[in-house]
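# Residue-level structure breakdown
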Amino acid sequence: MESLKDCLRQLEQRYQKIENVIRDRQSNVLPGRLEVHESHGKTHFQLIVPDPETKQDRRVYIKSTSDLIPRYAQKSYDLAVERLIKKRLEQIRRFEKMYREDELLDIYERLHPARRQHIQPFAYTMEQWLAIPYPSKKRPPESNVYITNQGEKTRSKTEKILADTFSLLHIPYKYEFPLSLHDGRTVYPDFTFFNPYTQKQIYWEHDGLMDDPNYRSKAIAKIRSYELNGIFRGQNLIVTYELNGKGLDQQWIEALIEAFLTPCMKEKT
């Protein structure tokens, strides 16, 4: 899940790439500029070019089929884009210097502990989020139980592997933390994570019996419910599955953690 600073850095990189393209083009740029006029229903092109002898600009009319038109048109467009990009890059860099994503957390953290006890903060630290109590999801008495390294009871061996991997990599999580949907229903994602910098939650669902048609239908319906509630795969929802006897391997798990969860745990600068 990207933070505001992440988005700004991506925008900054995109602008820098455009700057580089424009800089390369300017090495072959032609002197002068292109003007376009409409007269009697026709479009006329003329070049305004400097005269080295008189040191004044002179106007040269050219045909609409001239190969100079696209070169001069591109030049004027590039220069306008370059001016805007320089302005925006300055704004982005100034904003990055003054903006910190943990400012709300700082206000709370600076308070006296006795005062904190009487305040409901607008932003939670990771420790506060982890401390929020929640009821365990009810399970059938005959269901399997797999104990994680942290002592939690999971419903499948793969869920235990996931939980133990999160613990090993120091990724805090909550197992089957209740989530209220817009229609009033409560669902229990397999794992819920918290990004203290964006104050958003990320969910991980593992569907381990996708060979079973009935299970598969329910799994698809569950993902549909998530997405109708603004929780989308690749953004704040991670979905893994097992199909045709192929399980969730460690390489896949760690790749997803690195892409979606590790950035949430790194201190923002």
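Only a predicted model underlies this, so the values are computations on that prediction, with no experimental measurement involved.

## A closer look at the pattern of salt bridges
The full count for this structure, using the stated rule, is 12 salt bridges. Note that Glu35 is salt-bridged to Arg59, the shortest N-O span being 2.9 Å. Remark: Arg59 occurs in strand 3 (residues 56-62) and Glu35 occurs in strand 1 (residues 33-39); sequence separation between them is 24 residues. For Asp164, the salt bridge is made with Lys160, and the minimal N-O distance between the two is 2.7 Å. With Asp164 and Lys160 both in helix 6 (residues 157-168) and 4 residues apart, this pair spans about one turn of that helix.

## Digging into the pairing of strand 3
Within a regular strand, side chains alternate between the sheet's two faces. With 7 bridges joining them, strand 2 (residues 42-51) and strand 3 adopt antiparallel strand pairing. Across the sheet, the residue bridging to Leu47 is Val60, located in strand 3. Hairpin remark: strand 2 followed by strand 3, antiparallel, with 4 residues in the connecting loop; positive phi at Lys55, about 60 degrees.

## Here we look at helix 1 (residues 4-26)
Three- or four-residue spacings in an α-helix give side chains the same orientation, since the helix completes a turn every 3.6 residues. With 23 residues, helix 1 extends 33 Å between its outermost C-alpha atoms, agreeing within 8% with the 33 Å of an ideal straight helix rising 1.5 Å per residue. Elements that come into contact with the buried residues of helix 1 comprise helix 2 (68-98).

## Things to note about the confidence of the model for the protein chain
Overall, the prediction assigns the protein chain a mean pLDDT of 89, with 97% of residues at 70 or greater. The lowest-confidence element of the protein chain is helix 3 (residues 103-109), averaging 82 in pLDDT; the highest-confidence one is strand 6 (residues 174-175), averaging 96.

Procedures and definitions
- Residues numbered from 1 in each chain as written.
- Predicted model: local features only at pLDDT ≥ 70, side-chain atom pairs only at ≥ 80, totals over all residues.
- Heavy atoms only, no water.
- Salt bridge = Lys/Arg side-chain N within 4 Å of Asp/Glu carboxyl O.
- Helix = DSSP H or I, 4+ residues; strand = E, 2+ residues; numbered from the N terminus.
- Pairing = 2+ DSSP bridges.
- Expected span 1.5 Å × (residues − 1).
- Contact = heavy atoms within 4.5 Å.
- pLDDT = per-residue confidence, 0-100.

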